[in-house]
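Summary of structural features
Each chain, letter by letter, is given below.
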Amino acid sequence: MDGTRPVFYYDFSSPYAYLAAARVDDLLPVRPEWRPIAFGVIVRRIGKQPWSFKENRNRDFDEIARRAADRGIPEVRYPEGWPVETYSLAPLRAALVASDDGEDRQRAVSRELFRIAFVDGRHLAGLDAVLDAAERAGMDRARVRAAIETTEVKERLRAQTDAALDRGVTGVPTVAVGDRLFWGDDRLEEAAAGLAED
């Protein structure tokens, strides 16, 4: 191991990121840094069409359902209007605010946000859902509500997203190990093997 810490890039709009978040810490031999990024911004910048916008997306729905069942994860439910009507930067900003309380708090808030989106099937575009997740993870609602609207938090999310793009990240979930990028929930084992070799 060369001391390089892996980075787990994620966005709460992705059910594949939800699946990855459930096991990334257990699979990788080094605990990764969780780094929220705005996938919606990346999509616009590079002109990419996500699978969820395509006509043949049922194949992915079936694959996601199969993986969840195989791993004992609750059945994946999608918020009404997902993904077009449900995308929001607020949950990403909330995860950044949580990171100020430490990595464990960030993970707790992030897992709650994923659970609300893909287990409860609730819109994260609604601020109440975001604040519910933060509160369940032990944070003060009023503090989170105020913080996610600050210029500082908005700029941090923008900077993290820009840095991910500069690094070559074009989708979520992605695990970065040094100069290598492993994009996809199905690449976590490969990322783990890469880390073990270093």
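Calculation criteria
- Residues numbered from 1 in each chain as written.
- Predicted model: local features only at pLDDT ≥ 70, side-chain atom pairs only at ≥ 80, totals over all residues.
- Heavy atoms only, no water.
- Salt bridge = Lys/Arg side-chain N within 4 Å of Asp/Glu carboxyl O.
- Helix = DSSP H or I, 4+ residues; strand = E, 2+ residues; numbered from the N terminus.
- Buried < 20%, exposed > 50% of the residue type's maximum accessible area, 1.4 Å probe, protein only.
- Contact = heavy atoms within 4.5 Å.
- Pairing = 2+ DSSP bridges.
- Core = buried A, V, L, I, M, F, W, Y, C linked by side-chain atoms within 4.5 Å.

The subject of this paragraph is the pattern of salt bridges. Considering all chains together, one arrives at 31 salt bridges under this definition. The partner of Arg31 in a salt bridge is Glu103, and the shortest N-O contact between them spans 3.8 Å. Within this pair, whereas Arg31 is found in the loop between helix H2 (24-27) and strand E2 (33-36), its partner Glu103 is found in helix H6 (residues 103-118), the two being separated by 72 residues in sequence. The partly exposed category is assigned to Glu103, whose relative accessible area is 30%.

For the rest of this paragraph, the subject is the side chain of Arg23. As for its placement among the helices and strands, Arg23 is situated in the loop between helix H1 (15-21) and H2. Looking at Arg23, the relative accessible area reads 13%, which means it is buried. In this structure, Arg23 is in contact with Arg71, Asp185, Leu188 and Glu189, ignoring residues within four places of it in sequence.

Right, let's get into the pairing of strand E1 (residues 7-10). The alternating pattern of E1 places Val7 and Tyr9 on one face and Phe8 and Tyr10 on the opposite face, and all of these are buried. Of the pairings in the sheet, the one linking E1 to E2 comprises 4 bridges and is parallel in character. Residue pairing in the sheet places Val7 in a bridge with Glu33 of E2. Looking at chain direction, E1 and strand E3 (residues 174-177) are connected through 3 bridges and run antiparallel. Note that in E3 the partner of Phe8 across the bridge is Val175.

Moving on, we come to the nonpolar core. Counting 54 residues, the largest nonpolar core has Phe8, Tyr10, Phe12, Tyr18, Phe114, Leu124 and Val175 as the members making the most contacts within it. Looking at this core, the element that brings in the most residues is helix H5 (residues 90-99), giving 7 residues. When neighbours within four sequence positions are excluded, Phe8 is seen to be in contact with Ala17, Ala20, Ala21, Val24, Pro32, Glu33, Trp34, Arg35, Pro173, Thr174 and Val175. Counting residues in each nonpolar core, the second largest holds 11 residues, with Ile37, Phe39, Ile42 and Val43 among its members.

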